[in-house]
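Structure assessment
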Amino acid sequence: MSQKFYLTTTLPYVNAIPHVGHTLEFVQADVIARYMRQKLGNDNVYFNVGTDEHGLKIFRKAKKEGLEIQDYVDKYAEKWKEFCELLQISYDRFIRTTDTDHIKSATEFWETCDEAGDIYKKKYEGLYCVGCEEFKTEKDLVDGKCPAHQKEPEKYSEENYFFKFSKYQNKLLELYKKNANFVKPKSKLKEMTSFVSSGLEDFSISRRKENLPWGVPVPGDDEQVMYVWFDALVNYITTIGYGSNEEKFEKWWPCVQLCGPDNTRFQSAMWQAMLMSAGIEPSDQILVHGMILAEDGTKMSKTIGNVVSPFDLIERYGVDAVRYYLVAGIPTFSDVAFSYKQLESEYRGDLQNNFGNLLNRIITLIKKREVEIDESRVDSNFKKKVDEYVENYTEFMDQFVLYDAMKKVEELGTYGNRYIAEEEPWAKNIRHEEAEEVLNNLHYLVRRMIVCYSPVLPEKCKKAEQALKNLENVILFEKI
RNA sequence: CGCGGGAUGGAGCAGUGGUAGCUCGUCAGGCUCAUAACCUGAAGGUCGUACGUUCGAAUCGUACUCCCGCAACCA
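Described in the following lines is the structure provided in the data block.

Concerning the pairing of strand β2 (residues 45-51)
Of all 7 residues that make up β2, 7 are buried, and the element is covered over most of its length. Burial of β2 is two-sided: the residues Val-45, Phe-47, Val-49 and Thr-51 facing one way and the residues Tyr-46, Asn-48 and Gly-50 facing the other way are all buried. In terms of strand pairing, strand β1 (residues 5-8) meets β2 through 4 bridges, oriented parallel. When the sheet's bridge partners are listed, Leu-7 is paired in β2 with Phe-47.

And the structure:
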């Protein structure tokens with residue numbers, strides 16, 4: 001049986017405007033997906049993205065814009081699809097939580113948790129923050145306001161369904177303990193462990209329909225709809241056939257998930273408990289990427305006006321520079337201040353100079369020297385050396401440490417540039433066979449570079465491959 | 001004491017007990033195949049502060065200072 005790999009991103013709210021953080025997550029995920037396709041074959045990788053389309057916030061925004069809710073979410077879902085296209089995101093499915101199979105799947109999931117005895121009804125009086133889509137305790141509030149949204153929460157008193165989160169405290173801790181890589185990086189796993197250890201409270205998973213008509217109906221209760229988080233999380237299994245195609249589901253589950261630091265809890269605690277309740281094995285791994293801060297190292301904020309728009313970035317630098325920077329220019333799992341200067345220097349240094357330029361040098365020399373390219377002529381020691389870099393790259397990629405993996409490819413390029421300078425295959429006094437060996441070596445090296453870079457720079461690498469095959473000089477990376 | 005992360009040459013980072021390293025930038029030289037690209041060399045750091053452990057600490061301990069995230073639209 002061949003190995004399968006299923007990767008999913010966290011679904012953004014459909015009405016959010018794509019920012020650099022989303023861009024980071026999408027690009028990281030896409031690079032992983034493309035790498036795994038290289039490794040396992042296209043048919044053995046499934047890559048999920050999509051939009052989260054329920055909830056009070058969306059309901060109200062739609063009203064505000066004067067649109068029917070469905071029209072409203074359709075409009076914004078389209079924008080996210082365009083965003084994916086712009087970024088060259090090679091998803092297998094773009095799921096929307098309003099898709100019919102998702103409604104069905106969420107319903108079935110609810111019923112399963114209910115049968116397991118993990119859903120119960122309870123009268124709840126509380127302060128609800130629409131911004132957070134969450135009930136707040138007095139303790140959470142600062143000056144009577146939600147600290148996250150600077151707004152006074154609304155008083156709600158309603159009877160809702162609750163999920164027995166507390167029941168899974170020990171099981172979650174076992175899960176974390178058993179698998180030290182369950183949440184990556186380790187510091188986030190530690191955070192989760194201490195969060196779960198401190199005690200869990202059951203959370204509310206439904207809303208009264210009269211307050212919020214926009215949601216998945218709770219099965220067997222006409223007056224309630226599912227709380228947006230509950231249904232949204234289920235998308236990870238809907239997309240691979242839960243509730244509609246058992247065989248497909250078995251084939252793909254479990255998944256590797258990407259999420260932002262603010263989402264760690266939902267993905268690695270709540271969602272895992274929900275899966276346990278439904279008798280489904282936990283996710284394979286949660287990868288928590290870093291947070292991109294503004295250039296001064298503080299948080300990006302529209303109010304302060306220091307946000308970086310991905311659309312502007314792509315327009316100014318092109319999609320390759322942006323993709324490359326997000327993967328190779330910033331550490332994969334830690335917070336980092338965004339830097340235009342670094343984006344530019346990574347692009348120039350690594351892509352234009354180290355990689356693109358080397359490719360052209362080699363193409364020109366092969367043409368000028370009229371040497372024959374044949375892999376059997378590659379020196380075995382040289383090959384070994386090159387393969388070492390590639391192996392290091394592979395090890396890092398397999399652990400999803402994209403940043404370190406990219407550094408290895410860059411080092412390989414540096415090695416090539418050093419080698420060509422030492423051997424001087426352009427020198428007049430060099431023998432033909434010698435030049436032939438050197439150029440075969442370099443040809444091999446740059447081909448390996450192309451393979452390693454192609455998950456990040458798919459289009460450019462195709463061009464590079466063509467150029468190398470046809471021995472045509474090419475400017476892969478335009479000046480920026 | 002809510003929880004967590006961090007402070008290393010001009011900038012960004014690596015480095016979990018044994019003579020401080022990488023990338024970019026700067027300066028000097030070399031090469032000419034190449035997208036003024038490439039190669040070599042140099043300058044530049046008492047590793048946030050103070051105590052402590054140790055033959056020896058960027059690395060371990062304690063205290064402190066500052067920054068950031070969880071936690072404003074939000075990955």
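Some words on the packing of aromatic side chains
Applying the stated criterion across every chain yields a total of 34 aromatic pairs. Aromatic pair Trp-110 and Tyr-161: ring centres 5.5 Å apart, planes at 85°, arrangement edge-to-face. One end of the pair, Trp-110, is in helix α4 (residues 100-115); the other, Tyr-161, is in strand β6 (residues 154-163), and 51 residues separate them in sequence. Cluster of aromatic residues (ring-pair linked, three or more members): Tyr-6, Tyr-46, Phe-109, Trp-110, Tyr-161, Phe-230, Tyr-236, Tyr-242, Phe-249, Trp-252, Trp-253 and Trp-271. Lying over the aromatic face of Phe-162, Lys-122 brings its terminal NZ or CZ to 4.5 Å of the ring centre.

What to know about the nonpolar core
Generally speaking, a soluble globular protein has its nonpolar side chains buried in company with each other. Among the nonpolar cores identified, the biggest contains 90 residues, and Phe-5, Leu-7, Ile-32, Phe-338, Met-406 and Tyr-453 are the most heavily contacted of them. If you tally residues by element for this core, the top one is helix α1 (residues 20-40), at 11 residues. Not counting residues within four places of it along the chain, the set of residues in contact with Tyr-453 comprises Tyr-324, Asp-350, Leu-351, Phe-355, Met-406, Val-409, Glu-410 and Cys-461.

Here is what the cut-offs are and how they apply
- Residues numbered from 1 in each chain as written.
- Chains lettered and ligands numbered in written order.
- Predicted model: local features only at pLDDT ≥ 70, side-chain atom pairs only at ≥ 80, totals over all residues.
- Heavy atoms only, no water.
- Buried < 20%, exposed > 50% of the residue type's maximum accessible area, 1.4 Å probe, protein only.
- Helix = DSSP H or I, 4+ residues; strand = E, 2+ residues; numbered from the N terminus.
- Pairing = 2+ DSSP bridges.
- Phe/Tyr/Trp six-rings, centres within 6.5 Å; stacked < 30°, edge-to-face > 60°.
- Lys NZ or Arg CZ within 6 Å of the ring centre and 35° of its normal.
- Core = buried A, V, L, I, M, F, W, Y, C linked by side-chain atoms within 4.5 Å.
- Contact = heavy atoms within 4.5 Å.

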